[in-house]
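The chain contents come next:
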Amino acid sequence: MPTILANFEVPLLERWAQPLGWHGYELAALLAIILIGGLCGMVGALVVGNRMAFFSDAMAHCAFAGISLGLIIWLAMGNTRNSEFLPTFLTIVMACFGALIGAGIAFVRERTALASDTVIGVFFAGALGFGAIVLEAFPKGRGFDVEKFLFGGPYTTQPFDLLLLAVLFLITGVIFIWRYNQFALASFNPSLARSRGVKAAANNFLFILLLALIVNFSISAVGVLLINALLVVPAATATNLAGNMRQMFRYTFGLSLLVGLLGLMLSASVRVQIGGEPRQFGVSGTIICLGVLLFALSMTWPTIRRRFAHLG
């Protein structure tokens, strides 16, 4: 842990958690869910509305290549794979690499006639191939747990991850207050955006960079599966419920926080007897399944709304 974060270690979380009767890792999980739910809630509506679900999934899996690159740089600097600083270093390199991949996708998409999914697929394949080459070269003692990367949950969140997420949450909030209307207009109607003097390409480029950072920093805290689900499922649910773009943004933000907090609570409190022992559900899986359940329920909303309108 860097020196500047010496006072942000787990004992501090333990002190904050004690008045609530919690452990430090439980408080860390709660904070991670609030921050990541808020981040995904802010960008999710634009991700779904702009048909970028595949992009967010590709960015998440391209993180393999970012970690591979970070490992190469770390070892080239003469460091060991067992250093306590390695996870922090890999997180930073992964996020920077993800931002570069996002910028590359935006650049190629603007300069060629290729469809967006084709461009994303090319970068996706290249990044995964590079990651597979390097990770296979260091199969043991590489200082990186691939299983945690894929299936990790909020209980494994580290204090440094929380600090990065908090900073990113503030930055994202400021950017959305400043440019959300331009983001929305550039995403849904580029021609109208240009006619009103909005630089559609610049706004799309900025949004892609922001999304890449959110995906990569969130991965280090909760894993690939959960971040992909929180980016897409609440926004898809909000699409079924909302009557306009503003409502969709608000519903997405609220649903992201709702499924995250409710899933965390259910995972912590519900036990199922399996093999004679009480078993706890995984947090990430609980949040994902709860989100999908709400999406399924939201599909009945238009019918219910029409019936009430008819009765009125």
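Residues numbered from 1 in each chain as written. Predicted model: local features only at pLDDT ≥ 70, side-chain atom pairs only at ≥ 80, totals over all residues. Heavy atoms only, no water.

## Side note on the overall build of the protein chain
In step 1: Along the protein chain, the regular secondary structure elements total 13 helices and two strands.
In step 2: Within the protein chain, the fraction of its 312 residues that count as buried is 44%.
In step 3: Long-range pairs, those at least 24 residues apart, make up 75% of the contacts in the protein chain between residues at least 6 apart in sequence.
In step 4: When the accessible surface of the protein chain is split by element, carbon and sulfur atoms take 66% of a total near 15700 Å². (Helix = DSSP H or I, 4+ residues; strand = E, 2+ residues; numbered from the N terminus. Buried < 20%, exposed > 50% of the residue type's maximum accessible area, 1.4 Å probe, protein only. Contact = heavy atoms within 4.5 Å. Areas by Shrake-Rupley, 256 points an atom, 1.4 Å probe, with all protein chains shown as cover.)

## Things to note about the nonpolar core
Across soluble globular proteins, nonpolar side chains have a tendency to be buried as a group.
In step 1: In terms of nonpolar packing, the biggest core is built from 67 residues, with Ile-36, Phe-55, Phe-176, Phe-207, Leu-211, Ile-219 and Leu-231 touching the most fellow members.
In step 2: If near-sequence neighbours (up to four positions away) are discounted, Phe-55 is found in contact with Gly-102, Ile-105, Ile-120, Ile-208 and Leu-211.
In step 3: If you look at the next biggest cluster of nonpolar residues, it comprises five residues, including Ala-45, Ala-242, Met-248 and Leu-255. (Core = buried A, V, L, I, M, F, W, Y, C linked by side-chain atoms within 4.5 Å.)

## Examining the packing of helix α3 (residues 53-76) against helix α10 (residues 224-241)
In step 1: For the pair α3 and α10, interaxial distance at closest approach is 10 Å and the crossing angle is 160°. Comparing their axes, α10 and α3 come out roughly antiparallel. For α3 against α10, the interelement crossing comes out right-handed. Along its contact with α3, which presents Ala-53, Ser-56, Asp-57, Ala-60 and His-61, the element α10 presents Val-224, Asn-228, Leu-231 and Val-232. (Axes fitted to C-alpha atoms, helices over the stretch in contact; angles between N-to-C directions. Parallel < 35°, antiparallel > 145°, perpendicular 65-115°, else oblique. Left-handed = near helix turned anticlockwise from the far one by under 90°.)

## Let's talk about a nonpolar patch on the surface
In step 1: Together, Met-265, Leu-266, Val-270 and Phe-281 make up an exposed nonpolar region whose accessible area comes to about 320 Å².
In step 2: Structurally, Leu-266 is set in helix α11 (residues 245-269). (Patch = residues over 30% accessible without salt bridge, like charges linked within 9 Å, V, L, I, M, F, W, Y side chains within 5 Å. Salt bridge = Lys/Arg side-chain N within 4 Å of Asp/Glu carboxyl O.)

## Considering the environment of Asn-240
In step 1: Along the chain, the position of Asn-240 falls in helix α10.
In step 2: Judged by relative accessible area, Asn-240 falls into the partly exposed class, the value being 23%.
In step 3: Beyond its immediate chain neighbours, meaning those up to four positions away, Asn-240 contacts Phe-295, Ser-298, Met-299, Trp-301 and Pro-302.

## Topic: the side chain of Asn-204
In step 1: When you line up the elements, Asn-204 lands in helix α9 (residues 200-222).
In step 2: Setting aside its immediate chain neighbours within four residues, Asn-204 contacts Arg-109, Ala-186 and Ser-187.

## Focus on α11
In step 1: Taking 1.5 Å of rise per residue, 25 residues should cover 36 Å, and α11 covers 36 Å from first to last C-alpha, within 8% of that figure.
In step 2: Three or more residues of α11 are buried, namely Met-248, Thr-252, Leu-255, Ser-256, Val-259, Gly-260, Gly-263, Leu-264 and Ser-267. (Expected span 1.5 Å × (residues − 1).)

## Notes on the packing of aromatic side chains
In step 1: One pass over the structure, following the stated rule, counts six aromatic pairs.
In step 2: With a centroid separation of 5.5 Å and 35° between ring planes, the pair formed by Phe-176 and Tyr-180 is classed as tilted. Of the two residues, Phe-176 and Tyr-180 are both situated in helix α7 (residues 159-188); the distance of four residues between them amounts to about one turn of the helix.
In step 3: By relative accessible area, which is 13% here, Tyr-180 ends up buried.
In step 4: Considering the side-chain rings of Tyr-180 and Phe-249, the 4.8 Å spacing of their centres and the 55° angle between planes classify their relative orientation as tilted. Residue Tyr-180 is located in helix α7, and its partner Phe-249 is located in helix α11; the two are separated by 69 residues in the primary sequence.
In step 5: Aromatic rings pair up to connect Phe-176, Tyr-180, Phe-183, Phe-207 and Phe-249 into one cluster.
In step 6: One cation-aromatic arrangement involves Arg-179 over Trp-178; the distance from NZ or CZ to the ring centre is 4.5 Å. (Phe/Tyr/Trp six-rings, centres within 6.5 Å; stacked < 30°, edge-to-face > 60°. Lys NZ or Arg CZ within 6 Å of the ring centre and 35° of its normal.)

## Focus on the environment of Gly-260
In step 1: Along the chain, Gly-260 falls in helix α11.
In step 2: Judged by its relative accessible area of 1%, Gly-260 falls in the buried class.
In step 3: With residues near it in sequence (within four places) discarded, Gly-260 still touches Ile-33 and Ile-287.

## Overview of the confidence of the model for the protein chain
In step 1: For the protein chain, mean pLDDT is 79; residues scoring 70 or higher make up 85% of the total.
In step 2: Within the model, the stretch residues 1-9 combines pLDDT values under 50 with 14 contacts to residues more than four positions away or in other chains. (pLDDT = per-residue confidence, 0-100.)

## With respect to the packing of helix α4 (residues 86-111) against α9
The relative placement of two packed helices comes down to the angle between their axes together with the axis-to-axis distance.
In step 1: Taken N-terminus to C-terminus, the directions of α4 and α9 make an angle of 150°; their axes are 8 Å apart at the nearest point. Overall, the two elements α4 and α9 adopt an arrangement that is roughly antiparallel. Classified by chirality, the crossing of α9 by α4 is right-handed. Residues Thr-91, Met-94, Ala-95, Gly-98, Ala-99, Gly-102, Ala-103, Ala-106, Arg-109 and Glu-110 of α4 lie in contact with α9, whose contacting residues are Ala-201, Asn-204, Phe-205, Ile-208, Leu-209, Ala-212, Leu-213, Asn-216, Phe-217, Ile-219 and Ser-220.
In step 2: A breakdown of the residues in the contact of α4 with α9 according to their chemical character gives 13 nonpolar, six polar and two charged. (Nonpolar A, V, L, I, M, F, W, Y, C, P; charged D, E, K, R; others polar.)

## Quick word on the environment of Phe-107
In step 1: As for its position among the elements, Phe-107 is in helix α4.
In step 2: Taking relative accessible area as the criterion, Phe-107 reaches 46% and is therefore assigned partly exposed.
In step 3: Note: C-alpha distance between Phe-107 and Val-119 (12 residues apart in sequence) is 9.9 Å.

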